[in-house]
Amino acid sequence: MASSRSSPLGSRHAAGIFHKERDEPRLRVRSLPDVCPKEPTGEGRGLCGGPSVVAEHEPWTVYSSKVNLPAALNDPRLAKRESDFFTKTWGVDFTETEVAPCCHLPSITREDFSHYLQETAQRERIHERCKTICPNKDVDSVSSVNINHDKTRSELEQVPKIFMKPEFALEDPATFNAVLPWSHFNSAGGKSSRDMASSKLLQEKLSHYLDVVEVSIARQISLRSDAFFHAMSSQHDLQDRLQDTQRAVSFLRQRTAAIDRVMCQGPLRALCSALTRNNCVKVHNKLKLMAAVHQTQPTVQLLLSTSEFVGALELIATTKEVLQQELQGIHSFRHLGSQLCELEKLIDKMMVEDFSIYARSDLNRSLRDEPQILEKERLESLVFGLLRQRKLDFLDIYNEEMISAAKALVNQCVADCVLQIEDLDTEVVTKLADQMRVMTFPQWFDLLANVFECFLLFLQRIESTLSVIRKVVLEALDSHQKKQALEATAADSSDVSQNALPMQGVAELAYLTHEGLFISDALNEAKHKEQSSAQERESRQQHDTAQTAGGANNICPENMMPSELELNRVLNNLQEVLFSASDVGHDRCVKLLTARAKDGSLERLSSAEFVCLSHAVEQFVRDTEELSGRRSVSLRGALQSQANRFVHRFHEERKNKLGLLLDNERWKQAEVPVEFQDLVNSIADGRISLPERKLSGPNDRKPTEFLLVNGQKYAVVGTVLLLIRMFLEYCQCVNDIPSISTDMLTRLSDLLKHFNSRSCQLVLGAGALQVVGLKTITTKNLALASRCLQLVVHYIPLIRAHFETKLQPKQFSVLRHFDHITKDYNDHIAEISAKLVAIMDGLFEKVLSKYEVKAPMPSACFRNVCKQMAKMHEALYDLLPEEQTQMLFQRINGGFKMHLKRQLSRLGVINDGGPQHGLVVVDVAFYTENIQVLKSLERLDLNMAEIWEQKR
């Protein structure tokens, strides 16, 4: 309410102190008790489900509990006041005592507000005077509107929400009980005075709710009266517009009736006359069509006599179509259809026989004398006819004829070759396979080359014939696709025309009614169009029946041709026939190879001969693959099989040769011939292959003592030089025959392993003592073997790189053999070095065990040690490079220091500066001087301080 709100003037204060005005006394209207339950809200505890005020004796619930002590003492429903409530409940010792005030709370009096009242008294008097002088009318009006709105809202809120629900229905027992809860408390003997009072209260309450709602509805209607009158005026406008529409429709109907009378009835009579004339024209055309069909059989006979199968078939198909569509039911032509069917079957048989004869004559004629295509027009006509009749298996006939011709081709080549060999008795050796095995390799190779050449010509002829057939099939396929495109275009145009028909009719009506065109002119134009279309149909029918006899073009009727899928299948079959021809040629050549290799003659070929054979086969395979477009494996597989046997024999020969060389090797340094030095130089230039042999001349260079490889000297034995030539032969074989790369790699790795293991047995294992008859294995033998192994290790990466260029990426895993071989060779070299060190170590142990520290100096023991070290150096210096010699003697010196230290410890000599210490120093100095005098050991680290025990 306005009176309860603070005034704006009284709410402001410069010092920030606010004065709370006292609430004005409100007019309290005593409302009737609400007997209808309300929905719970957020303010306070709702009464829904609470006890009814009309109930007197009800069972105890949570609502029976007392809120505070005065409510418990002053409960009006109790019969009498219980004065002994406290003692009965809390005992006789309970007494009423006065509660002492809290010491923490101060006592508040009026004097505490005196200062505040003095400060605000002046402002309050000014505010009251301003309100009296200038009352705020706008605020009062707005407040009155707000008061009315708040009043209406507060009055509506008094109505329970249950009456506002859309599903409110008194038929529902729950709703009824909620609205009239007093119906449950009727006493058995009749209504009591209390029940009557409750009923009156309920009736008054409901009447009050009704009044509130009616007043609210009346107020809303008064607010919206303008909208009601506006709706009524809109209804009058709508009725006026409907009357105007009715008058317009009536006028349109009258105009349409006039148009029908003037423009439709007369033209219809004219159209009936034109229709009668058109029927007469159709009868005349039908008679002319019958006359053309009558000439079908004589025309077909004429076409067959000139082998025009396509024209005859088209004429038969056109005639059958005319009989079924245009001349159906004519009695004179009742047997013509069956006669044409029998004639068509006869033509089918004739075409199949002619195609078989053509294929046989084309494939069996001379390959070199007649390279051109045989009767191209005849072939095209046959193929068109076979496609026209859906005889799509004609390629099977061609394939069978091709296989027979291939067999005859090989037999003819062998027979011609045998006739040219004078010393071959064909009466004794009758079989072709035996005759080929009797031939020498040059004779047989010439035969194989002739067969390869004939088969290439044979495939070229087949490819040319198939290209003609493919061209015909592609023309048929192109015609089929064009027809589909035209049909799709026609379908689209028909849709457009159907959609345009209504609009066209409207346009024509407007043209006839407004542009002044007479009806007679429109009829004449329609008649002219009809005559033109009839003449066009007549000429087309005559062309289909009579003009087909010429057979000028071989395009077949599209409705009789195979489907697009079938034509594509024929194209695929054409490619398969070419693949089959290539495979047949390869299979016949494989038989030539197997017949020749039956007695193992191909395995005994030399490397050059087998390379020539491999090149010829590879060239033939490449040529056939270029013609056919598909990779063939049969001939390559047969060559690979022979190559594997050749590689096996090739490897066994060289392995046996290497074994014999090692068994006869005396492990002495050999001179290096000039050809081997040139071989090594060519490898350094990047040519991993055998150089061409040069004729020796009078000014040839002399053999050298060492083999020079990249400026480094290698002292070698003769076996290693031959081993280098052997693995170059393996590399040369891989260059000539790439297909045997993996097999040759494994065989070469086996050869290198054999050299490593066998040389280890002969040198480290002292097998050469029994095999060759050596007296002992010297340090020179060991050093020479180590140097030979180092030379092979030097060439292993080059061999690996060469083979890597010949292998496919998926075959690179076999290159791991070279890693294993390199490890084995390095282990062998390390074992030889360890053996040399062990020889000197044993000598040191034997000599130093007798060493005594006494004059004269230098001692005999140290003289012997220096003598053996000089011999070892003399044996190794010319064989091993300087770095290896220094490393080896470093290890030998370490062994010497270890044994000397052990002997001095045993003798009890220490570096105390005594006489014995001085004698040992003299011997050690003599040893150091002798070692450093040796070549390449001047900078050797000979720190001899390690021979003395460390002082503890």
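Since this is a predicted model, take the numbers as computed values, not measurements.

Calculation rules
- Residues numbered from 1 in each chain as written.
- Predicted model: local features only at pLDDT ≥ 70, side-chain atom pairs only at ≥ 80, totals over all residues.
- Heavy atoms only, no water.
- Phe/Tyr/Trp six-rings, centres within 6.5 Å; stacked < 30°, edge-to-face > 60°.
- Helix = DSSP H or I, 4+ residues; strand = E, 2+ residues; numbered from the N terminus.
- Buried < 20%, exposed > 50% of the residue type's maximum accessible area, 1.4 Å probe, protein only.
- Axes fitted to C-alpha atoms, helices over the stretch in contact; angles between N-to-C directions.
- Parallel < 35°, antiparallel > 145°, perpendicular 65-115°, else oblique.
- Left-handed = near helix turned anticlockwise from the far one by under 90°.
- Contact = heavy atoms within 4.5 Å.
- Nonpolar A, V, L, I, M, F, W, Y, C, P; charged D, E, K, R; others polar.
- Patch = residues over 30% accessible without salt bridge, like charges linked within 9 Å, V, L, I, M, F, W, Y side chains within 5 Å.
- Areas by Shrake-Rupley, 256 points an atom, 1.4 Å probe, with all protein chains shown as cover.
- Salt bridge = Lys/Arg side-chain N within 4 Å of Asp/Glu carboxyl O.

Caption draft 1: Looking closely at the packing of aromatic side chains. Under the counting rule described, the total for this entry stands at 16 aromatic pairs. A centroid spacing of 4.3 Å and a plane angle of 5° characterise the contact between Phe610 and Phe646, whose relative ring orientation is stacked. Pair noted here: Phe610 is in helix 19 (residues 607-628) and Phe646 is in helix 20 (residues 634-663), with a separation of 36 residues, a long-range link. Classification of Phe610 by relative accessible area gives buried; the value is 0%. Geometrically, the ring pair formed by Phe646 and Phe650 is tilted, given 6.0 Å between the ring centres and 35° between the ring planes. In this pair, Phe646 and Phe650 both sit in helix 20, four residues apart, roughly one turn of the helix. Residue classification places Phe646 among the buried positions, given a relative accessible area of 0%.

Caption draft 2: Structural context of the packing of helix 26 (residues 816-848) against helix 27 (residues 860-877). Contact geometry for helix 26 and helix 27: axes closest at 10 Å, N-to-C directions at 165°. When the axis of helix 26 is compared with that of helix 27, the two are roughly antiparallel. Between helix 26 and helix 27 lies a crossing whose hand is right-handed. Here Leu836, Met840, Leu843, Phe844, Val847 and Leu848 of helix 26 lie close against helix 27, whose contacting residues are Cys861, Asn864, Val865, Gln868, Met869, Met872 and Leu876. A class-by-class count of the residues in the contact of helix 26 with helix 27 yields 11 nonpolar, two polar and no charged.

Caption draft 3: Highlighting a nonpolar patch on the surface. A contiguous nonpolar surface patch, about 300 Å² in accessible area, is contributed by Ile108, Phe113 and Leu117. Assessed through its relative accessible area of 48%, Phe113 is described here as partly exposed.

Caption draft 4: Local environment of the environment of Tyr714. Topologically, Tyr714 is positioned in strand 2 (residues 712-714). Note on Tyr714: relative accessible area 5%, which makes it buried. Each C-alpha atom of the pair Tyr714 and Gln669 lies 9.9 Å from the other, and the pair is 45 residues apart in sequence. If near-sequence neighbours (up to four positions away) are discounted, Tyr714 is found in contact with Phe706, Leu707, Val709, Arg787, Gln790, Leu791 and His794.

Caption draft 5: How the structure looks around the pattern of salt bridges. All chains considered together, the criterion is met by 17 salt bridges. Among the ionic pairs, Glu401 bridges to Arg360, the shortest N-O distance being 3.2 Å. Of this pair, Glu401 sits in helix 14 (residues 394-420) while Arg360 is found in helix 12 (residues 336-364), placing the two residues 41 residues apart along the sequence. With a closest N to O distance of 2.4 Å, Arg636 and Glu625 form a salt bridge. Here Glu625 lies in helix 19 and Arg636 lies in helix 20, a separation of 11 residues in the sequence.

Caption draft 6: Spatial organisation of the packing of helix 12 against helix 13 (residues 376-388). In the contact formed by helix 12 and helix 13, the axes pass within 10 Å of each other and the chain directions differ by 135°. Between helix 12 and helix 13, the angle is such that the two are oblique. Between helix 12 and helix 13 lies a crossing whose hand is left-handed. Residues Glu344, Met351, Val352, Asp354, Phe355 and Tyr358 of helix 12 lie in contact with helix 13, whose contacting residues are Arg378, Leu379, Leu382, Gly385, Leu386 and Arg388. Class assignment for the residues of the contact of helix 12 with helix 13 results in seven nonpolar, one polar and four charged.

Nothing here speaks to function; it is geometry throughout.
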